[in-house]
Amino acid sequence: MLLMNQNSCFSIVWIGVNDRKIEKWESHIPLDFGVTYNSYVILDEKICIIDGVEEGENGDFFRKLEATIGDRQVDYIIINHVEPDHSGSIKSLLKMYPNIKVVGNAKSISILKLLDIDVPDDRAIVVKEKDILDLGKHKLTFYLMPMVHWPESMATYDTTDKILFSNDAFGSFGALDGAIFNDEANLNIFENEMRRYYSNIVGKFGAPVNAVLKKLSSVEISCICPSHGLIWRKYIKEIIERYQKWANMEPTKEGVVIVYGSMYGHTAEMAEVLGRELGNRGIKDVIIYDSSKTDHSYIFSTIWKYKALILGSCAHNNDIYPKMEPLLHKLENYGLKNRYLGIFGNMMWSGGGVKRIKEFADTLTGLEQVGEPIEIKGHVTPAERDRLIELANLMADKLIADRK
Ligand code: FEO
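None of the values given here were measured: they were computed from a predicted structure.

Draft legend 1. Quick look at the overall build of the chain. Each helix and strand in the chain was counted, giving twelve helices and 24 strands. Here the C-alpha coordinates of the chain stretch approximately 80 × 45 × 35 Å along the principal axes. Here the chain displays about 17100 Å² of accessible surface, and carbon together with sulfur accounts for 50% of that area.

Draft legend 2. Summary view of the packing of aromatic side chains. For the structure on display, the rule yields 13 aromatic pairs. With centroids separated by 6.4 Å and ring planes inclined at 25 degrees, the aromatic side chains of W25 and Y37 adopt a geometry described as stacked. Residue W25 is located in strand β4 (residues 24–25), and its partner Y37 is located in strand β6 (residues 35–37); the two are separated by twelve residues in the primary sequence. Judged by relative accessible area, W25 falls into the buried class, the value being 6%.

Draft legend 3. Highlighting the pattern of salt bridges. For the coordinates displayed, the defined rule picks out 20 salt bridges. The salt bridge partner of K139 is D134, with a shortest N-O separation of 3.1 Å. K139 sits in the partly exposed class, given a relative accessible area of 29%. For the salt bridge of E359 with K355, the shortest nitrogen-to-oxygen distance reads 3.5 Å.

Draft legend 4. Inspection of the side chain of R339 at higher detail. One can find R339 in strand β22 (residues 339–347). One buried charge, R339, has no salt-bridge partner; the nearest side chain with opposite charge is E250, at 8.5 Å. Here I303 takes part through its backbone oxygen, which lies 3.1 Å from a polar atom of the side chain of R339. Not counting residues within four places of it along the chain, the set of residues in contact with R339 comprises M249, E250, P251, I303, W304, K305, Y306, K307, G366, L367 and E368.

Draft legend 5. The packing of helix α6 (residues 206–216) against helix α7 (residues 236–247), seen in detail. The N-to-C vectors of α6 and α7 enclose an angle of 150 degrees; their axes lie 8 Å apart at closest approach. Note that α6 runs across α7; the crossing there is left-handed. Here G206, V209, N210 and L213 of α6 come into contact with α7, specifically with I240, Y243, Q244 and A247. Along the lines of polarity and charge, the residues of the contact of α6 with α7 split into five nonpolar, three polar and no charged.

Draft legend 6. Main features of the environment of A169. In this fold, A169 is placed in the loop between β15 (163–167) and α5 (187–202). On the basis of relative accessibility, which here comes to 5%, the residue A169 falls in the buried class. C-alpha separation for the pair A169 and V53, spaced 116 residues apart in sequence, amounts to 16 Å. Other than its neighbours up to four places away in sequence, A169 contacts M145, V148, P226 and Y243.

Draft legend 7. Summary view of the pairing of β15. With five of five residues buried, β15 lies mostly within the body of the structure. Neither face of β15 is exposed, since I163, F165 and N167 on one face and L164 and S166 on the opposite face are all buried. Pairing analysis gives three bridges linking strand β14 (residues 154–158) to β15, with the strands arranged antiparallel. Of the residues in β15, the one forming a bridge with T156 is F165.

Draft legend 8. Representation of helix α10 (residues 325–334) in the model. For α10, the full list of buried residues reads L327, L328, K330, L331 and Y334. Across the axial projection of α10, the buried residues extend over an arc of 165 degrees, all falling on one side. Taken together, the buried residues of α10 touch α5, β17 (253–261), α9 (296–305), β19 (306–313), β21 (319–320) and α11 (353–363). G335, located one to two residues past α10, shows a positive phi value of around 75 degrees.

Draft legend 9. Layout of the packing of α9 against α10. It is the contact of α9 with α10, at a shortest axis distance of 11 Å, that shows an interaxial angle of 45 degrees. When the interaxial angle is binned, α9 and α10 end up oblique. In this structure, α9 meets α10 at a crossing whose hand is right-handed. Between α9 and α10, the residues in contact are H296, I299, F300, I303 and W304 and P326, L327, K330, L331 and Y334, respectively. Classifying every residue of the contact of α9 with α10 by side-chain character gives eight nonpolar, one polar and one charged.

Draft legend 10. Layout of the sheet that holds strand β13 (residues 139–144). Overall, mixed pairing links the five strands, which are arranged β12-β13-β14-β15-β16 in an open sheet. Among the strands making up the open sheet, the edge pair consists of β12 (132–134) and β16 (223–226). The mean inter-strand angle of the sheet, taken between neighbouring strand axes irrespective of direction, is 25 degrees.

Thresholds applied
- Residues numbered from 1 in each chain as written.
- Predicted model: local features only at pLDDT ≥ 70, side-chain atom pairs only at ≥ 80, totals over all residues.
- Heavy atoms only, no water.
- Helix = DSSP H or I, 4+ residues; strand = E, 2+ residues; numbered from the N terminus.
- Areas by Shrake-Rupley, 256 points an atom, 1.4 Å probe, with all protein chains shown as cover.
- Phe/Tyr/Trp six-rings, centres within 6.5 Å; stacked < 30°, edge-to-face > 60°.
- Buried < 20%, exposed > 50% of the residue type's maximum accessible area, 1.4 Å probe, protein only.
- Salt bridge = Lys/Arg side-chain N within 4 Å of Asp/Glu carboxyl O.
- Lys, Arg positive; Asp, Glu negative; His and termini not counted.
- Polar contact = N/O pair within 3.5 Å; in protein donor to acceptor, adjacent residues only side chain to side chain.
- Contact = heavy atoms within 4.5 Å.
- Axes fitted to C-alpha atoms, helices over the stretch in contact; angles between N-to-C directions.
- Left-handed = near helix turned anticlockwise from the far one by under 90°.
- Nonpolar A, V, L, I, M, F, W, Y, C, P; charged D, E, K, R; others polar.
- Pairing = 2+ DSSP bridges.
- Arc of directions from axis to C-beta.
- Parallel < 35°, antiparallel > 145°, perpendicular 65-115°, else oblique.

Structure (structure tokens):
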């Protein structure tokens, strides 16, 4: 699949692979639509691969590589990021191409050793910020992007064709079922899967993402080639703006996410009252999750999108409902901000759920609490229904006021 210069001997070719067998990313995030490991080869006076693939997919990867370069030798493999989904081809490349050099920064070469990938000194090229690798026609410049999302992460920029090989940045879950460019694809799946990837994988590192976006703001970019998901050759400005919003944890849409944990249905009943009143007030996007059912990676991604969050829990052994705690912990760990927050819950005899959500609200100072926490005992009485309706109205008022 050619990226650039179709009729030239200086082509850039996508040699990525689709993995539709994988069940869970990092062994915990469900992959409904699979994932790609994108790899690119530049055919120039020198032959250079940018990022490898996960070890189990090397068969497909090497078939594509050999079909592209024939019996030519590979001169360089650039390692923008050492996680095994990209470094899984290095050992085989070192064996197959005796003259290949592994190009990475000082951190990446040292971290590779922890993955049992030993690159001999005479086969490593250690690069620094803005070093240039000359392939002939293509001159590659390296931009370090520490903590997007590992300390050794970097991007490679082709100054000739203005292509940014951004590794995990601008990446997405989802295999490429035909289209590899964003303008060829139906974006319905990718819009959600890209945000789910960003929020769960990169979301904690907003400041480093902002630093990289600032660093690259003066660089002309004709195409963004990430290591997962679609290649962006159109709407570059828009996708960078979207990334900027995500990095700042700014919501991109009006709406309310309600997440609850309920054992006997009373907290769920409270969530229904809140949701119905929000709908009654014209809030079109109200998404209600039962935390015991939906994997947190989806809930997390939806929270990333919307302006308001309402959390509810019953009490469980003087504490919060067990399936709510990991979500709260992750939101605290990532430092969620720029959201309205409502709190509700239920207890029979001990309490603990609402108490924990209040602690969460105190920890995350970037949240604006709306109304008072509502904690009731058992089923919803008419008076308690009115209190919930009042909370929903306060939240709707906030959102409607923001439309102006
Ligand atoms: Fe695609 Fe952080 O590895």
